[in-house]
Amino acid sequence: MTEVHRYPIRTRVLHWLTAVLVFSALFVGFVMVNSLASYGALVRVHMTLGVLILVVVVVRAANRFTHRTPALPATVGSVEHKLVVGSELGLYALMLAQPLIGWAMVSAGGRPIVVFGAIHLPRIAPFDADLYFFLRQAHSVLAYLLVLTIAAHVSAVLLHTLTLRDRMLSRMTFGRDAIEQKGAPSEDREGIMTVD
Ligand code: HEM
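What this report covers is the structure whose coordinates are included nearby.

Conventions adopted
- Residues numbered from 1 in each chain as written.
- Predicted model: local features only at pLDDT ≥ 70, side-chain atom pairs only at ≥ 80, totals over all residues.
- Heavy atoms only, no water.
- 1 Å grid on protein atoms, 1.4 Å probe; cavity = no way out; pocket = protein on both sides within 12 Å on 5 of 7 lines; lining within 4 Å.
- Points joined across faces, edges and corners; volume = space filled by probe spheres on them.
- Nonpolar A, V, L, I, M, F, W, Y, C, P; charged D, E, K, R; others polar.
- Patch = residues over 30% accessible without salt bridge, like charges linked within 9 Å, V, L, I, M, F, W, Y side chains within 5 Å.
- Areas by Shrake-Rupley, 256 points an atom, 1.4 Å probe, with all protein chains shown as cover.
- Salt bridge = Lys/Arg side-chain N within 4 Å of Asp/Glu carboxyl O.
- Helix = DSSP H or I, 4+ residues; strand = E, 2+ residues; numbered from the N terminus.
- Phe/Tyr/Trp six-rings, centres within 6.5 Å; stacked < 30°, edge-to-face > 60°.
- Buried < 20%, exposed > 50% of the residue type's maximum accessible area, 1.4 Å probe, protein only.
- Donors = N, O, S within 2.8 Å, 3.2 Å for Na, K, Ca; no water.
- Tetrahedral: all angles 85-135°; square planar, octahedral: opposite > 155°, others 65-115°.
- Expected span 1.5 Å × (residues − 1).
- Core = buried A, V, L, I, M, F, W, Y, C linked by side-chain atoms within 4.5 Å.
- Contact = heavy atoms within 4.5 Å.
- Near = heavy atom within 4 Å.
- Polar contact = N/O pair within 3.5 Å; in protein donor to acceptor, adjacent residues only side chain to side chain.
- Sits in = over half its atoms within 2 Å of the grid points.

## Some thoughts on empty space enclosed by the protein
Working step 1: On inspection of all chains with the given rule, the structure shows one cavity of 30 Å³ or more.
Working step 2: Of the voids in this model, the largest cavity is the one considered here, and its volume is about 40 Å³.
Working step 3: Of the residues contributing to the lining of the largest cavity, the split by class is four nonpolar, one polar and four charged.

Following this line, the structure appears as structure tokens:
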């Protein structure tokens, strides 16, 4: 069976938490701008999701850049390796920039930033119509860029898992128990290795 180097549990939890939150923020974002009746309620949910994403991505980036990552399968060549690292950094940049732009956009529009129904966040940009217009456009462009980058990311993982059969997806799943050993990779009975 192909050997799989798996991410540690905290990285896998952070990955799927981010995936659910970003998918929800995109979904609610696109629905609310096309909804007259529910706009007010949806925008409050959207802002809460967006600020949660900012917090989770800061934690995730701190985790990512202070720990080494498990080795990629042998099916990943040197050019693809560079693409993997580049697209990962791009995703981090987008996931950090998008909530900050959203927060700054609402600030520039002069509206209150309320999350979890009660917590008022401070403004991070001056009240300014031109700035609001610019940030509003940027928020849309980054939303579409996020959709494209996530689509490319999911397609690449599925291509590896289904056509090259290198079990790429197993690096991020919870399917089987794996022996975790701090500081060095370890292997379990089913060929799954974890790295801390
Ligand atoms: C990763 C986090 C976020 C994602 C993926 C995201 C995504 C989106 C999307 C897809 C739209 C609709 C864009 C369009 O169709 O033009 C949108 C609109 C909006 N977003 Fe976000 N957003 C995020 C974070 C935030 C944050 C943190 C805030 C504010 C604190 C925010 C405030 C808004 C507002 C107010 C709108 C609607 C603007 C309008 O009605 O014209 N977003 N967002």
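## Quick word on a nonpolar patch on the surface
Working step 1: Residues Ile9, Val13, Trp16, Leu169 and Phe174 make up a contiguous nonpolar surface patch of roughly 410 Å² in combined accessible area.
Working step 2: Relative to the helices and strands, phenylalanine 174 resides in the loop between helix H4 (129–164) and strand E4 (186–187).

## Notes on the packing of aromatic side chains
Working step 1: With the rule as written, the count across this model stands at three aromatic pairs.
Working step 2: Ring centres of phenylalanine 30 and tyrosine 144 lie 5.3 Å apart, and the angle between their planes is 45°; this geometry places the pair in the tilted category. With phenylalanine 30 in helix H1 (residues 9–32) and tyrosine 144 in helix H4, this residue pair connects regions lying 114 residues apart in the sequence.
Working step 3: In this structure phenylalanine 30 comes out as partly exposed when scored by relative accessible area, which is 31%.
Working step 4: Look at phenylalanine 65 and tyrosine 92: their rings are 5.6 Å apart centre to centre, the planes differ by 55°, and that puts the pair in the tilted class. One end of the pair, phenylalanine 65, is in helix H2 (residues 39–66); the other, tyrosine 92, is in helix H3 (residues 78–108), with 27 residues separating them in the sequence.

## Topic: the coordination of the iron atom of the ligand
Working step 1: Taken together, the protein ligands of the iron atom of the ligand are His46 (NE2) and His139 (NE2), with distances of 2.0 Å.
Working step 2: Taken together, the six donor atoms coordinating the iron atom of the ligand span angles of 87 to 178° at the metal, a pattern that classifies the geometry as octahedral. One end of the pair, histidine 46, is in helix H2; the other, histidine 139, is in helix H4, and 93 residues separate them in sequence. Residues histidine 46 and histidine 139 agree in their burial class; the two are buried.

## Considerations on H1
Working step 1: Its 24 residues place the ends of H1 34 Å apart at the C-alpha level, agreeing with the 34 Å of an ideal helix rising 1.5 Å per residue.
Working step 2: Listing the buried residues of H1 in full gives Thr11, Arg12, Leu14, His15, Thr18, Leu21, Val22, Ala25, Leu26, Val28, Gly29 and Met32.

## Observations concerning the nonpolar core
Working step 1: The biggest cluster of nonpolar side chains holds 30 residues, and the ones touching the most others in it are Val22, Ile53, Leu135 and Leu146.
Working step 2: Broken down by element, the residue count for this core peaks at ten residues, all from H3.
Working step 3: Ignoring any residue separated from it by four or fewer positions in sequence, one finds isoleucine 53 in contact with Leu21, Val22, Ala25, Met95 and Pro99.

## Quick word on the site of the ligand
Working step 1: Neighbouring the ligand are 27 residues; Tyr39, His46, Arg136, His139 and Ser140 lie closest to it.
Working step 2: Side-chain polar atom of tyrosine 39 to an oxygen atom of the ligand: 2.5 Å apart, as the coordinates give it.
Working step 3: The contact in question runs from a nitrogen atom of the ligand to an N or O atom on the side chain of histidine 139, over 2.8 Å.
Working step 4: Structurally, the ligand is housed in the second largest pocket.
Working step 5: Taken together, the elements giving at least two residues each to the shell around the ligand come down to H1, H2, H3 and H4.
Working step 6: Looking at which element gives the most residues to the shell around the ligand, the answer is H2, with seven residues.

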